[in-house]
Amino acid sequence: MNALPISFEFFPPKTPEGAEKLRVVRRALYAWAPEFCSVTYGAGGSTHEGSFATVREILAEGVPAAAHFSCVGATRERVRAQLAELHAMGVRRLVALRGDLPSGYGLGGEFQYASDLVAFIRAETGRAFHIEVAAYPEMHPQARSPEADVQAFATKVRAGADSAITQYFYNADAYFRFRDEVHALGVDVPIVPGIMPITSATQLLRFSDACGAEVPRWVRLRLQGYGDDVAAIRAFGLDVVTALCERLRAGGAPGLHFYTMNQSAATIEILRRLGLGGAAVDG
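Residues numbered from 1 in each chain as written. Predicted model: local features only at pLDDT ≥ 70, side-chain atom pairs only at ≥ 80, totals over all residues. Heavy atoms only, no water.

**Q** How do you make sense of the pairing of strand E6 (residues 163-168) when you look at a structure like this?
**A** In regular strands, side chains alternate between the two faces of the sheet. The buried fraction of E6 is high, at 6 of 6 residues. For strand E5 (residues 130-135) and E6, the ladder comprises 4 bridges, and the chain directions are parallel. The partner of Val133 across the bridge, within E6, is Ala164. Considered for its hand, the β-α-β crossover made up of E5, helix H5 (residues 146-158) and E6 is right-handed. Where E6 meets strand E7 (residues 191-195), 3 bridges bridge the pair, whose relative direction is parallel. Each residue of the ladder has a partner; that of Ala164, found in E7, is Ile191. Taking the sense of rotation as the criterion, the β-α-β connection linking E6, helix H6 (residues 172-184) and E7 turns out right-handed. (Buried < 20%, exposed > 50% of the residue type's maximum accessible area, 1.4 Å probe, protein only. Helix = DSSP H or I, 4+ residues; strand = E, 2+ residues; numbered from the N terminus. Pairing = 2+ DSSP bridges. Right-handed = clockwise from strand over helix to strand, strands pointing away.)

In structure tokens form, the structure reads like this:
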């Protein structure tokens, strides 16, 4: 086992070829003995079948699986039925999110916030699930203020969350400040940093602009300066993300959660550089 707990996130593949590729990626990453692997859940439950199928595969491979579970647009009856389905599958960890609706839909549903979902899961299932919630060290893009965002996080934890995984970030100070601010409110659950390896400048900058994650100006300019030099972008990205992980580990982060984007090579190289063990496999 790793001295520092690690976990991996995947998204449900859309094609049989994608599913087979993800199996190869998972096998490579399992060498690092992840605490669990999580599977995302599309807007409005749009990837429900694919998400649950991927969760089943991970469980069958002998690895704990965490199912993302969003509530926007959902009814209590649907959530109750899906909780029962997941529990019957052997899932014991959920990532409880408000989630996004597909474009063109109104808010709808019987849950307004992730804290409502967390409270409902606890009321319905007791301690049957370990509940993860999301944290935003650089503030949720829809929060009114940083203070309101910290309070919203505290509300989710008080509703029954066991731990949290952050949105990815590249500024360690933002993580440490967020952690200290929620601790000052008496919230002391583990807050695990979400780590996004850098393999494509275009993809990273597009994702970051959409979700409100800050790419520091010096990183953005270096990435843009490399143009189409994929090897240089990847080498620079490995240096930046490994240094970030080192600082987080030194500062007492309780684990690292890697947003793999269904790839293994960059995550494996970062883990190797961190000296976290694992076998000599690649994918």
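**Q** Quick question: what am I supposed to make of the sheet that holds strand E1 (residues 6-10) here?
**A** Paired through backbone hydrogen bonds, the strands of a sheet run either parallel or antiparallel to each other. If you walk around this closed barrel you meet the 8 strands as E1-E2-E3-E4-E5-E6-E7-E8, and the pairing is parallel. Neighbouring strand axes in the sheet, compared pairwise and without regard to direction, differ in orientation by 30° on average. As paired elements, E7 and strand E8 (residues 256-259) share 2 bridges and run parallel to each other. Looking at the pairing, Ile195 lines up with Phe258 of E8. Contacting strand E3 (65-70), strand E4 (93-97) and E5, helix H4 (residues 114-125) crosses the sheet at an angle of about 145° to E4. (Axes fitted to C-alpha atoms, helices over the stretch in contact; angles between N-to-C directions. Contact = heavy atoms within 4.5 Å.)

**Q** I would appreciate a short explanation of the packing of helix H7 (residues 201-211) against helix H8 (residues 217-225) in the present structure.
**A** Axis angle and axis distance: for two packed helices, these are the angle between their axes and the distance between the axes, and together they describe the pair. At a minimum axis separation of 10 Å, H7 and H8 run at an interaxial angle of 145°. For the crossing formed where H7 meets H8, the hand is left-handed. For the pair formed by H7 and H8, the contact residues are Ala201, Leu204, Leu205 and Asp209 on the first element and Arg220, Leu223 and Gln224 on the second. Per-class residue counts for the contact of H7 with H8 are 4 nonpolar, 1 polar and 2 charged. (Left-handed = near helix turned anticlockwise from the far one by under 90°. Nonpolar A, V, L, I, M, F, W, Y, C, P; charged D, E, K, R; others polar.)

**Q** How should I be thinking about the packing of aromatic side chains in this particular structure?
**A** Each aromatic ring pair is characterised by the separation of its centres together with the angle its planes make. The full count for this structure, using the stated rule, is 10 aromatic pairs. Here the aromatic rings of Tyr41 and Phe52 are separated by 6.4 Å at their centres, their planes lie at 35°, and the arrangement is tilted. Within this pair, whereas Tyr41 is found in the loop between strand E2 (36-39) and helix H2 (48-60), its partner Phe52 is found in helix H2, the two being separated by 11 residues in sequence. Each member of the pair Tyr41 and Phe52 is classed as buried. Geometrically, the ring pair formed by Tyr41 and Phe69 is stacked, given 6.3 Å between the ring centres and 10° between the ring planes. With Tyr41 in the loop between E2 and H2 and Phe69 in strand E3, the pair connects residues that are 28 residues apart, well separated along the chain. A residue is classified by how much of its surface remains accessible, and Tyr41, at 11% relative accessible area, is buried. On the basis of relative accessibility, which here comes to 1%, the residue Phe69 falls in the buried class. The rings of Tyr41, Phe52 and Phe69 are connected pair by pair, giving a single aromatic cluster. (Phe/Tyr/Trp six-rings, centres within 6.5 Å; stacked < 30°, edge-to-face > 60°.)

**Q** Is there a simple way to explain unusual backbone geometry in this structure?
**A** Comment: phi is negative for the bulk of residues other than glycine, and the bulk of peptide bonds are trans. Unlike most non-glycine residues, Met139 shows phi in positive territory, near 85°. Note on placement: Met139 falls in the loop between E5 and H5. A positive phi is found at Asn262, a non-glycine position, where the angle reads about 60°. For Asn262, the location among the structural elements is in the loop between E8 and helix H10 (265-273).

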